[in-house]
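For reference, the chains in residue letters:
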Amino acid sequence: MMNKQNNDVNVKNLCSRKLWELLKNAEWQDNSERFAIERELSGRRHYIEELEKLSARETMH
C-alpha cells in the first residue's frame, strides 16, 4: 500500500522525458502505474503523438 502511493508521487516528480522512457521501455510495475504515467503525460500535453502511436501499436498485436 505504501509502495503504491510512492509510485503515484514519483510520476508527478519525474520529468516528461523520463516518464516517456519508462513507458516506451515498458519499465512500469503494473497497469495502474502505466495508466498513471500515461495520464500524467497527457495532462502535461507532452508526448501526445507518441502516446497515440504507442497505443495504436499495442492494439495492432
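As the structure is a computational prediction, the values presented were derived from the model and not from experiment. (Residues numbered from 1 in each chain as written. Predicted model: local features only at pLDDT ≥ 70, side-chain atom pairs only at ≥ 80, totals over all residues. Heavy atoms only, no water.)

Compared with the 20 Å implied by 1.5 Å per residue over 14 residues, the 20 Å span of helix α3 (residues 31-44) between its first and last C-alpha is a close match. Listed in full, the buried residues belonging to α3 are Glu33, Arg34, Ala36, Ile37, Glu38, Glu40 and Leu41. Following α3 by one or two positions, Arg45 has its phi on the positive side, about 60 degrees. (Helix = DSSP H or I, 4+ residues; strand = E, 2+ residues; numbered from the N terminus. Expected span 1.5 Å × (residues − 1). Buried < 20%, exposed > 50% of the residue type's maximum accessible area, 1.4 Å probe, protein only.)

Formed by Val11, Leu19, Trp20, Leu22, Leu23, Ala36, Ile37, Leu41, Leu51 and Leu54, the largest nonpolar core amounts to 10 residues. Sorting the residues of this core by element identifies α2 (16-24), α3 and α4 (48-59) as the ones contributing at least two each. Take this core: its biggest share by element is 4 residues, from α2. (Core = buried A, V, L, I, M, F, W, Y, C linked by side-chain atoms within 4.5 Å.)

Right, let's talk about the packing of aromatic side chains for a bit. Scanning all chains against the criterion turns up 1 aromatic pair. Arranged with centres 5.4 Å apart and planes meeting at 10 degrees, the rings of Trp20 and Tyr47 form a pair that is stacked. Note that Trp20 is positioned in helix α2 and Tyr47 in the loop between α3 and α4, a separation of 27 residues in sequence. With relative accessibility at 9%, the residue Trp20 sits in the buried group. (Phe/Tyr/Trp six-rings, centres within 6.5 Å; stacked < 30°, edge-to-face > 60°.)

Take it as geometry only, folks, not as evidence of what the structure does.
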